[in-house]
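Inside the fold
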Amino acid sequence: MMPFPVTTQGTLQPAKRYGISSPISLAVPKETDCLLTQRLIETLRPFGVFEEEEELQRRILVLEKLNNLVKEWIREISESKSLPQSILENVGGKIFTFGSYRLGVHTKGADIDALCIAPRHVDRSDFFTSFYAKLKLQEEVKDLRAVEEAFVPVIKLCFDGIEIDILFARLALQTIPEDLDLRDDSLLKNLDIRCIRSLNGCRVTDEILHLVPNIDNFRLTLRAIKLWAKCHNIYSNILGFLGGVSWAMLVARTCQLYPNAVASTLVRKFFLVFSEWEWPNPVLLKEPEERNLNLPVWDPRVNPSDRYHLMPIITPAYPQQNSTYNVSVSTRMVMIEEFKQGLAITHEILLSKAEWSKLFEAPSFFQKYKHYIVLLASAPTEKQHLEWVGLVESKIRILVGSLEKNEFITLAHVNPQSFPAPKENPDKEEFRTMWVIGLVLKKPENSEILSIDLTYDIQSFTDTVYRQAMNSKMFETGMKIAAMHLRRKELHQLLPHHVLQEKKAHSTEGRRLTDLNDSSFDLSAGGENSISVPSSTSTMKTGPLTSSSQGRNSPSLAVMTASVANIQATEISLQQVNTSESSGTALNESIPHAVSQPAIAPSPKPMVTRVVSSTCLISHPDLQETQQQTYLIL
């Protein structure tokens, strides 16, 4: 098994400043912290987050073979272009990795993100022709496919059972040295935008590793947080939650603020920091640096659209970008609530009132809301279905954004997990996938009846998907989207019994969505797990970043200082709670409970009328038949 070093009591990192502010705490780990870390490791093992040494060595061997193929190919291209012998001998070429594998947090069976670096005389067209052909000749290579027209062009393959995505970047160098450091900003000079995008993954990953105080503690913490995010259905960049690089940057920032802490402490501090974070103030791992390369960077002082990002997490490598531009009001609200619940659970773990396994228990999404929108995507063949599902999924966040704008919808929570849908006709071959969106509705003023027409929102969404499918020439007859409204008690019509029941034991009874408006009301009555009426404890910031867009200094330093001060104040409060818990003395300050919340007197429940069969017709020139979609109106 792989070793997992744990910082021992008394080990202190040098007094070095990491990130854009001083650390919150330089405290060294206690014996109990190290013991909790060992227990965390043992809890993580059954989830398959650690790879066996044998599998790790196989990955290394595959990457060596791939690297040798790249060198052979570049030399062959160089010879065909009659380069001098002095250059041929040292022309080089290299495979770099990025993403979870490069960060050292990949799981069993995970794919590898790789980047092929070539000198200036090797063209992108060479990569997608002669290198593709060379890969095709390798007996270990299966499922080879090129996606040349993608935003970031890529070759996908399975090499000796390991899935690999290979990007390409051509540098303005005659040769590629073995000790090439991709963090060097001068490498970006005279590159086309596709090469810059391809380089970005490696540059960001390398910067993250360079900016954390202790890589081993960072990796173990990130493994735990990524597993927690997946278990709690908030791991999906495409659907408006956070992707792998964003979670890595949040963990890295936590490590900077607590440079001597071990993983068990860092997991707890992670939830503390980001449940208290004053969004939309940005998370940065380093001060943005000026470069004269005229590349677009995230900067709300210059770019008005950047001021409306709700949860900005800024990549540390130039050109700096916001990795969370897909986050919506609803997804941010859901994530913040999960941060708060994570803080409460880790507090219980610290007090030996719970085990680490509780942190990785999945919440009961299908018991949490009373009203759901179910989206179904279907296609006649497996290949068409794969493409169609990818397109539909990439646009769901547009529907969520549209639902959020409805005056009677407070929250639209999409479950990132998709499910196979039952066939309409058992005798007809058809591939169907569905996604489920939970809704929290808002109480109308001076009315006991709520009626919401969602026809326009859903029709606009389907029109967008069909239009893009046709523009990209992907659309085929038989590709369909359907949408329907179901109450919680009706979900069994589409979802299998084990999906609806398996998480009931860990349902979040009495759980509050703390950022909901005062006028939100409970539409979950009738089920034992209901959403209680919340009081407005904080204001949702959806407008521009006004406080961070003034002057020519970094857009983050002043607000970061304020955020750290708030976190430090919370630290003091939690320390008091810990003292109180251990001594048996009651304090007024308290940390939120993981499960129950104070009872709130329920307001009168308005009736929900269900106007069925509002039918809209979606007709496109390329469709052989008009598709009739029936949208249910709440």
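Use the structure listed above.
Please read all numbers here as calculations on a predicted model, not as lab measurements.

Reading the values: the criteria
Residues numbered from 1 in each chain as written. Predicted model: local features only at pLDDT ≥ 70, side-chain atom pairs only at ≥ 80, totals over all residues. Heavy atoms only, no water. Buried < 20%, exposed > 50% of the residue type's maximum accessible area, 1.4 Å probe, protein only. Helix = DSSP H or I, 4+ residues; strand = E, 2+ residues; numbered from the N terminus. Pairing = 2+ DSSP bridges. Core = buried A, V, L, I, M, F, W, Y, C linked by side-chain atoms within 4.5 Å. Contact = heavy atoms within 4.5 Å. Phe/Tyr/Trp six-rings, centres within 6.5 Å; stacked < 30°, edge-to-face > 60°. Lys NZ or Arg CZ within 6 Å of the ring centre and 35° of its normal. Salt bridge = Lys/Arg side-chain N within 4 Å of Asp/Glu carboxyl O. Axes fitted to C-alpha atoms, helices over the stretch in contact; angles between N-to-C directions. Parallel < 35°, antiparallel > 145°, perpendicular 65-115°, else oblique. Left-handed = near helix turned anticlockwise from the far one by under 90°. Nonpolar A, V, L, I, M, F, W, Y, C, P; charged D, E, K, R; others polar.

With that settled, the discussion passes to the pairing of strand 9 (residues 431–441). With ten of eleven residues buried, strand 9 lies mostly within the body of the structure. Relative to strand 9, strand 6 (residues 371–379) runs antiparallel, the two sharing nine bridges. Bridge assignment links A379 to a residue of strand 9, and that residue is F431. Bridge count for strand 7 (residues 409–414) against strand 9 is five bridges, and the pairing is antiparallel. When the bridges of strand 9 are listed, H413 appears paired with G438.

Our focus in this paragraph is the nonpolar core. Of all hydrophobic cores here, the largest spans 118 residues; its most connected members are F218, W228, W247, L250, F270, W388 and I437. Sort the elements by how many residues they give to this core and helix 7 (residues 215–231) lands first, with nine residues. The residues touching F270, leaving out its near neighbours within four places in the chain, are I225, W228, W247, L250, V251, T254 and F339.

A few words now on the packing of aromatic side chains. Going through the model one piece at a time under the given rule, you end up with 28 aromatic pairs. Where F366 meets F419, the ring centres are 5.7 Å apart and the plane angle is 65 degrees; that geometry is what we call edge-to-face. Here the residue F366 occupies a position in helix 11 (residues 365–368), and F419 occupies one in strand 8 (residues 419–420), the gap between them amounting to 53 residues. Positioned over the ring face of F151 is R197, at 3.8 Å from the centre of the ring.

What follows concerns the pattern of salt bridges. Scanning the entire structure with this criterion turns up 23 salt bridges. The salt bridge partner of K81 is D123, with a shortest N-O separation of 3.7 Å. Taken as a pair, K81 in the loop between helix 2 (53–80) and helix 3 (85–88) and D123 in the loop between strand 2 (112–118) and helix 5 (124–136) lie far apart in primary sequence, 42 residues in all. K81 gets classed as partly exposed once you look at its relative accessible area, which sits at 33%. Look at D123 and you get partly exposed, because its relative accessible area is 29%. For E207, the salt bridge identified is with K286, shortest N-O distance 3.6 Å. Of the two residues, E207 is situated in helix 6 (residues 193–211) and K286 in the loop between helix 9 (263–276) and helix 10 (329–350); the sequence distance between them amounts to 79 residues. Given the relative accessible area of 6%, E207 is considered buried. Because the salt bridges share partners, they merge into one network encompassing D181, R183, D185, R203, E207, K286, E289 and R291.

In a beta sheet, neighbouring strands are held together by backbone hydrogen bonds and run either parallel or antiparallel to one another. Strand order in the open sheet formed by five strands is 1-2-5-4-3, and the pairing between neighbours is mixed. Single-partner strands in this sheet number two, and they are strand 1 (94–98) and strand 3 (141–147). Averaged over all pairs of adjacent strands, the angle between their axes in this sheet comes to 25 degrees, without regard to strand direction. Sitting on the sheet, helix 2 touches strand 1, strand 2, strand 4 (154–159) and strand 5 (162–170), and the angle it makes with strand 5 is about 35 degrees.

Once that is clear, we can look at the packing of helix 1 (residues 31–44) against helix 7. Across the interface, helix 1 lies against helix 7 with an axial gap of 11 Å and an inter-helix angle of 50 degrees. Here helix 7 runs oblique to helix 1, going by the angle between their axes. By crossing handedness, the relation of helix 1 to helix 7 is classed as left-handed. Residue-level contacts link T37, L40, I41 and L44 of helix 1 to L220, A224 and L227 of helix 7. Among the residues making up the contact of helix 1 with helix 7, the classes are represented as six nonpolar, one polar and no charged.

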